[in-house]
Amino acid sequence: MPIFTKIAKTLSKMAEIHITDINYIEINSQSGLDFKYKPEVPKLKLVGTLLMSESEEEEDGVLFLTQKQLNQVLMGKEVDLKLQEDRWLLGKPLTKDQVKKVGLVDVDAEYMGTAGEFKCFEAVKISE
(Lines give C-alpha, C1' and ligand atoms only; values in the text may rest on other atoms or scores of the structure.)
Protein backbone atom coordinates (compact mmCIF):
# COMPACT_ATOMS: atom_id res chain seq x y z
CA MET A 1 0.00 0.00 0.00
CA PRO A 2 1.30 3.48 -0.81
CA ILE A 3 2.44 5.85 1.90
CA PHE A 4 -0.42 7.19 3.98
CA THR A 5 -1.09 10.90 3.69
CA LYS A 6 -2.49 12.36 6.89
CA ILE A 7 -5.10 15.06 6.88
CA ALA A 8 -5.13 17.88 9.38
CA LYS A 9 -7.36 16.94 12.28
CA THR A 10 -9.53 19.95 11.60
CA LEU A 11 -10.41 18.50 8.19
CA SER A 12 -11.36 15.03 9.38
CA LYS A 13 -15.07 14.33 9.42
CA MET A 14 -17.54 11.58 10.09
CA ALA A 15 -19.11 9.73 7.20
CA GLU A 16 -21.68 6.98 6.86
CA ILE A 17 -20.32 4.29 4.58
CA HIS A 18 -21.42 0.86 3.44
CA ILE A 19 -19.22 -2.02 2.32
CA THR A 20 -20.31 -3.36 -1.06
CA ASP A 21 -17.34 -5.60 -1.88
CA ILE A 22 -14.27 -6.98 -0.16
CA ASN A 23 -10.94 -7.40 -1.96
CA TYR A 24 -9.08 -8.61 1.12
CA ILE A 25 -8.69 -8.15 4.87
CA GLU A 26 -5.39 -8.14 6.72
CA ILE A 27 -3.95 -7.14 10.06
CA ASN A 28 -2.95 -3.49 9.90
CA SER A 29 0.82 -3.17 9.78
CA GLN A 30 0.89 0.57 9.06
CA SER A 31 2.41 2.51 11.93
CA GLY A 32 1.82 6.12 12.84
CA LEU A 33 -1.93 6.16 12.29
CA ASP A 34 -3.93 8.12 14.84
CA PHE A 35 -6.93 5.92 15.60
CA LYS A 36 -9.71 7.57 17.59
CA TYR A 37 -11.82 4.49 18.37
CA LYS A 38 -10.12 2.29 20.96
CA PRO A 39 -6.58 3.14 19.80
CA GLU A 40 -5.11 0.36 21.99
CA VAL A 41 -7.08 -2.37 20.17
CA PRO A 42 -5.38 -3.85 17.06
CA LYS A 43 -7.09 -2.92 13.82
CA LEU A 44 -7.81 -4.91 10.71
CA LYS A 45 -7.52 -3.29 7.30
CA LEU A 46 -10.40 -4.05 4.94
CA VAL A 47 -9.66 -3.12 1.34
CA GLY A 48 -12.69 -3.11 -0.89
CA THR A 49 -15.49 -1.11 -2.42
CA LEU A 50 -17.16 1.42 -0.16
CA LEU A 51 -20.42 3.25 -0.80
CA MET A 52 -20.48 6.78 0.56
CA SER A 53 -24.02 7.55 1.77
CA GLU A 54 -23.56 11.29 1.35
CA SER A 55 -22.67 11.13 -2.35
CA GLU A 56 -24.15 7.70 -3.12
CA GLU A 57 -20.95 6.88 -5.03
CA GLU A 58 -18.96 3.67 -4.78
CA GLU A 59 -15.19 3.76 -4.76
CA ASP A 60 -12.29 1.59 -3.74
CA GLY A 61 -11.17 2.38 -0.23
CA VAL A 62 -9.71 1.17 3.04
CA LEU A 63 -11.64 0.69 6.26
CA PHE A 64 -9.75 0.15 9.50
CA LEU A 65 -11.83 -1.71 12.05
CA THR A 66 -11.55 -4.02 15.04
CA GLN A 67 -12.20 -7.75 14.88
CA LYS A 68 -15.45 -7.19 16.82
CA GLN A 69 -16.59 -4.56 14.32
CA LEU A 70 -15.79 -6.88 11.40
CA ASN A 71 -17.82 -9.62 13.07
CA GLN A 72 -20.74 -7.18 13.42
CA VAL A 73 -20.59 -6.38 9.71
CA LEU A 74 -20.31 -10.00 8.53
CA MET A 75 -22.39 -11.85 11.17
CA GLY A 76 -25.17 -13.92 9.60
CA LYS A 77 -24.16 -13.01 6.03
CA GLU A 78 -22.45 -16.36 5.28
CA VAL A 79 -19.39 -14.62 3.82
CA ASP A 80 -16.70 -17.21 3.06
CA LEU A 81 -13.23 -15.91 3.98
CA LYS A 82 -10.10 -17.97 3.29
CA LEU A 83 -6.73 -17.24 4.84
CA GLN A 84 -4.03 -17.03 2.18
CA GLU A 85 -0.59 -16.06 3.44
CA ASP A 86 -1.37 -13.10 5.73
CA ARG A 87 -4.63 -12.01 4.09
CA TRP A 88 -8.21 -13.14 4.27
CA LEU A 89 -9.69 -13.32 0.79
CA LEU A 90 -13.21 -14.11 -0.30
CA GLY A 91 -13.53 -17.85 -0.94
CA LYS A 92 -16.04 -16.97 -3.65
CA PRO A 93 -17.41 -13.62 -4.84
CA LEU A 94 -20.25 -12.14 -2.83
CA THR A 95 -23.69 -13.00 -4.18
CA LYS A 96 -26.18 -10.20 -4.86
CA ASP A 97 -27.98 -11.18 -1.65
CA GLN A 98 -24.75 -11.02 0.38
CA VAL A 99 -23.84 -7.64 -1.14
CA LYS A 100 -27.28 -6.38 -0.14
CA LYS A 101 -27.03 -7.76 3.41
CA VAL A 102 -23.48 -6.50 4.01
CA GLY A 103 -24.31 -3.19 2.33
CA LEU A 104 -27.27 -2.59 4.66
CA VAL A 105 -24.92 -2.36 7.64
CA ASP A 106 -24.30 1.29 8.54
CA VAL A 107 -20.68 2.07 9.35
CA ASP A 108 -20.09 5.44 10.97
CA ALA A 109 -16.48 6.17 10.12
CA GLU A 110 -13.91 8.88 10.56
CA TYR A 111 -12.19 9.98 7.34
CA MET A 112 -8.43 9.63 7.90
CA GLY A 113 -6.87 10.69 4.61
CA THR A 114 -5.60 8.90 1.53
CA ALA A 115 -3.10 6.20 0.69
CA GLY A 116 -2.37 6.47 -3.00
CA GLU A 117 -5.76 6.44 -4.70
CA PHE A 118 -7.59 4.93 -1.72
CA LYS A 119 -9.63 6.98 0.74
CA CYS A 120 -9.05 5.64 4.25
CA PHE A 121 -11.59 5.51 7.06
CA GLU A 122 -11.66 4.28 10.63
CA ALA A 123 -14.86 2.57 11.76
CA VAL A 124 -16.25 4.22 14.89
CA LYS A 125 -19.71 2.65 15.15
CA ILE A 126 -21.43 -0.27 13.42
CA SER A 127 -25.24 -0.49 13.34
CA GLU A 128 -27.78 -2.46 11.36
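See the structure printed just above.
Definitions and limits used
Residues numbered from 1 in each chain as written. Predicted model: local features only at pLDDT ≥ 70, side-chain atom pairs only at ≥ 80, totals over all residues. Heavy atoms only, no water. Helix = DSSP H or I, 4+ residues; strand = E, 2+ residues; numbered from the N terminus. Rg over C-alpha atoms; globule rule 2.2 N^0.38 Å. Buried < 20%, exposed > 50% of the residue type's maximum accessible area, 1.4 Å probe, protein only. Contact = heavy atoms within 4.5 Å. Areas by Shrake-Rupley, 256 points an atom, 1.4 Å probe, with all protein chains shown as cover. Lys, Arg positive; Asp, Glu negative; His and termini not counted. Charge placed at Lys NZ, Arg CZ, Asp CG, Glu CD. Core = buried A, V, L, I, M, F, W, Y, C linked by side-chain atoms within 4.5 Å. Pairing = 2+ DSSP bridges. Phe/Tyr/Trp six-rings, centres within 6.5 Å; stacked < 30°, edge-to-face > 60°. Lys NZ or Arg CZ within 6 Å of the ring centre and 35° of its normal.

(A) Quick peek at the overall build of the chain. Counting secondary structure elements, the chain contains two helices and eight strands. N-terminal to C-terminal, the α/β element order of the chain is β-β-β-β-α-β-β-α-β-β. For the chain, whose C-alpha radius of gyration is 14 Å, the value lies close to the compact-globule estimate of 14 Å for 128 residues. Counting only C-alpha atoms, the chain reaches 40 × 35 × 25 Å along its principal axes. Of all 128 residues assigned to the chain, the portion counted as buried reaches 40%. Sequence separation of at least 24 residues holds for 63% of the intrachain contacts in the chain that already meet a minimum separation of 6. For the chain, the accessible surface area stands at approximately 7,600 Å², while carbon and sulfur atoms represent 51% of it. The distance from the centre of the 17 positive side-chain charges to the centre of the 22 negative ones in the chain is 4 Å.

(B) Broad picture of the nonpolar core. In this structure, Ile17, Ile19, Leu46, Leu63, Val73, Val107 and Phe121 are the most contacted members of the largest nonpolar core, which totals 24 residues. Going through the elements one at a time, strand E2 (14-27), strand E3 (44-52), strand E4 (57-65), helix H1 (67-74), strand E7 (106-115) and strand E8 (118-127) are the ones with two or more residues in this core. Dropping the residues within four chain positions of it, Val73 is found in contact with Ile19, Val102, Val105, Val107 and Ile126. Core analysis: the second largest hydrophobic core is formed by nine residues, Tyr24, Met112, Ala115 and Cys120 among them.

(C) Representation of the pairing of E4 within the structure. Judged from the nine bridges that link them, E3 and E4 form a sheet pairing that is antiparallel. Residue pairing in the sheet places Leu50 in a bridge with Glu59 of E4. Between E3 and E4, which pair antiparallel one after the other, the connecting turn spans four residues, and Glu56 there sits at a positive phi close to 60°.

(D) Structural context of the packing of aromatic side chains. Across all of its chains, the model carries two aromatic pairs by this definition. Arranged with centres 5.4 Å apart and planes meeting at 65°, the rings of Phe35 and Phe64 form a pair that is edge-to-face. Of this pair, Phe35 sits in the loop between E2 and E3 while Phe64 sits in strand E4, and the two are 29 residues apart along the sequence. Look at Phe35 and you get buried, because its relative accessible area is 15%. Here the guanidinium or amino end of Lys43 rests over the ring plane of Phe35, the centre of that ring lying 5.3 Å away. In this arrangement the basic side chain of Arg87 is found over the ring face of Tyr24, its NZ or CZ atom lying 3.7 Å from the centre.

(E) Spotlight on the side chain of Asn28. Mapped onto the elements of the fold, Asn28 is located in the loop between E2 and E3. Excluding residues that lie within four positions of it along the chain, Asn28 makes contacts with Leu33, Phe35, Lys43, Leu44, Lys45 and Phe64.

(F) Just the environment of Lys82, in detail. Among the structural elements, Lys82 can be located in strand E5 (residues 81-84). With 60 residues separating them in the primary sequence, Lys82 and Ile22 have C-alpha atoms 12 Å apart. Those residues in contact with Lys82, other than ones at most four positions away along the chain, are Arg87, Trp88, Leu89 and Gly91.

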